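# Working through the structure, step by step
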Amino acid sequence: MAAGFGLLRLSPDAFWAMTPVEFGHAVRARSPARGPAPLRADLAALMRAFPDTLDQEN
């Protein structure tokens, strides 16, 4: 309801008249765009570049 009334600024009548599919499309249209998930090779490269360490001195 917070997304419907706050993010989308719907009236109560409009909010309750929407189907779940319509609501989902409306919320996704107002949400920031996300890029595709990283590829496995990209994730592996990031893990090599920024390894987890147990070093607590930093």
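Residues numbered from 1 in each chain as written. Predicted model: local features only at pLDDT ≥ 70, side-chain atom pairs only at ≥ 80, totals over all residues. Heavy atoms only, no water.

Scanning the chain for helices and strands turns up 4 helices and 0 strands. Of the regular secondary structure in the chain, the N- to C-terminal order runs α-α-α-α. Taken over the C-alpha trace, the chain has a radius of gyration of 20 Å; the compact-globule value for 58 residues is 10 Å, which it surpasses by more than 25%. Referenced to the eigenvectors of the C-alpha coordinate spread, the extents of the chain come out at roughly 55 × 30 × 15 Å. Per-residue burial for the chain yields a buried fraction of 7% across its 58 residues. (Helix = DSSP H or I, 4+ residues; strand = E, 2+ residues; numbered from the N terminus. Rg over C-alpha atoms; globule rule 2.2 N^0.38 Å. Buried < 20%, exposed > 50% of the residue type's maximum accessible area, 1.4 Å probe, protein only.)

For the chain, per-residue confidence averages 89 on the pLDDT scale, and 93% of positions sit at 70 or higher. Per-residue pLDDT, averaged within each element of the chain, yields its smallest value for helix α1 (residues 2–7) (91) and its largest for helix α2 (residues 12–17) (96). (pLDDT = per-residue confidence, 0-100.)

Quick look at unusual backbone geometry now. Unusually for a residue other than glycine, R9 sits at a positive phi of about 55°. With respect to the helices, strands and loops of the structure, R9 is situated in the loop between α1 and α2.

Aromatic ring pairs: the centre-centre distance and the angle between the two ring planes describe each pair. Considering all chains together, one arrives at 3 aromatic pairs under this definition. Both rings, one in F15 and one in W16, keep their centres 4.8 Å apart while their planes meet at 80°; by these two values the pair is edge-to-face. Looking at W16, the relative accessible area reads 60%, which means it is exposed. Measuring from ring centre to ring centre gives 5.8 Å for F15 and F23, while their planes differ by 90°; the resulting arrangement is edge-to-face. (Phe/Tyr/Trp six-rings, centres within 6.5 Å; stacked < 30°, edge-to-face > 60°.)

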